[in-house]
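Below, each chain spelled out in residue letters.
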Amino acid sequence: MIDARVLAQAEELLAASRAAGVRIATAESCTGGLIAATLTAIAGSSDVVDRGFVTYSNQAKTAMLGVPAGLIASVGAVSEAVARRMAEGALTRSSAQLAIAVTGIAGPGGGSPDKPVGLVWFGLARTGRFTASLRHVFPGDRQAVRAATVAEALLLLRAAIGPEPG
C-alpha cells in the first residue's frame, strides 16, 4: 500500500508534468521499481510516465542504460557518477524529457564507512537543460530507506519541472 502523502505528491507531479508537456522515465536500483509503481498507481498516468528501468544489477545498468562497466568498477554502483549516467541513459533510451535515477544501499547489510546503509545517490536529467545529482543518507530500516527514496525522487522530479504556471 502506498502512503497517502506520497500518493498525493505523485498526483501533483503528474498534473504538473501534464501541464508542462513533460514525460518521465525512471531508472531504479535500490527501489526496485517503486518510483514507477507509485506513479503508475494513479489512473491516467500513462500520458506522463514513458517507462521505467529496474537495473538492480551492475550488468543491467550497463546493458539497459549504457553505464560503462569500467565506471562502475572504478567508483562503484552507488556513486554520483553512476547515478548521473543512469539518468542520462534513461533519457536517451526513452521518449521522456525528464528522468530520475536512484542507486543506493537500502540495507540491512552492504554498507561501509564511506558508503553507509541508507546512502542513496539521485541522478536527474532533463533533455537539453541539465543533469544533476544529489546525495542523501536516510535513517531507518530497508523499508524506511526505500520509502524515503521514493518520496525524495517525487520531490526532485516536481522541482525539475518548475513552478506552477500563472
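Further up the page is the structure itself.
Calculation criteria
- In this convention, every chain numbers its residues from 1, walking through the sequence in written order.
- Totals for whole chains, interfaces and linings use every residue, but because this is a predicted model, local features are given only for residues with pLDDT of at least 70 and side-chain atom pairs only at 80 or more, for both listing and counting.
- Excluding hydrogens and water, the side-chain values take into account all heavy atoms of the structure.
- Helix and strand assignments follow DSSP, with helices taken as H or I runs no shorter than four residues and strands as E runs no shorter than two, numbered in order from the N terminus.
- The contact criterion used is simple: two residues touch if any of their non-hydrogen atoms lie within 4.5 Å.
- Side-chain rings of Phe, Tyr and Trp, where Trp is taken by its six-membered ring, are said to pair if the distance between their centres is within 6.5 Å; with planes under 30 degrees apart they count as stacked, over 60 as edge-to-face, and otherwise as tilted.
- We call a residue buried when its accessible area falls under 20% of the maximum for its residue type, exposed when it is over 50%, and partly exposed in between, using a 1.4 Å probe and counting protein chains only.
- By this definition, two strands are paired if DSSP reports at least two bridges between them.
- Whenever a helix is involved, its axis is fitted only over the stretch in contact; in every case the axis is a line through C-alpha atoms, and angles between N-to-C directions fall within 0 to 180 degrees.

Colleague: Please provide a residue-by-residue account of the environment of Val49, values included.
Modeller: Relative to the helices and strands, Val49 resides in strand S2 (residues 49-54). For Val49 and Val22, which are 27 residues apart along the polypeptide, the C-alpha to C-alpha distance reads 9.1 Å. The residues contacting Val49, other than those within four sequence positions of it, are Leu14, Arg23, Ile24, Leu39 and Thr40.

Colleague: Requested: an account of unusual backbone geometry, with residues and values cited.
Modeller: The omega torsion across Gly107 and Pro108 is 10 degrees, close enough to zero to call that bond cis. Relative to the helices and strands, Pro108 resides in the loop between strand S3 (98-104) and strand S4 (119-126).

Colleague: Tell me what's going on with the packing of aromatic side chains, and back it up with residues and numbers.
Modeller: Here the structure, examined in full by the defined rule, presents one aromatic pair. With centroids separated by 6.3 Å and ring planes inclined at 85 degrees, the aromatic side chains of Phe122 and Phe138 adopt a geometry described as edge-to-face. Of this pair, Phe122 sits in strand S4 while Phe138 sits in the loop between strand S5 (130-137) and helix H6 (142-161); the two residues are 16 residues apart in sequence, bridging distant segments of the chain. The class for Phe122 is buried, based on a relative accessible area of 1%.

Colleague: Break down the sheet that holds S2 for me, with residues and values.
Modeller: Pairing in this open sheet of five strands is mixed, and the strands run S2-S1-S3-S4-S5 from one edge to the other. Looking at the sheet topology across the chains shown, the edges are occupied by S2 and S5. Between one strand axis and the next, the sheet turns by 15 degrees as a mean value, whatever way the strands run. Pairing of strand S1 (residues 24-28) with S3, which is carried by five bridges, proceeds in the parallel orientation. Along S3, the bridge assignment pairs Thr26 with Ile100.

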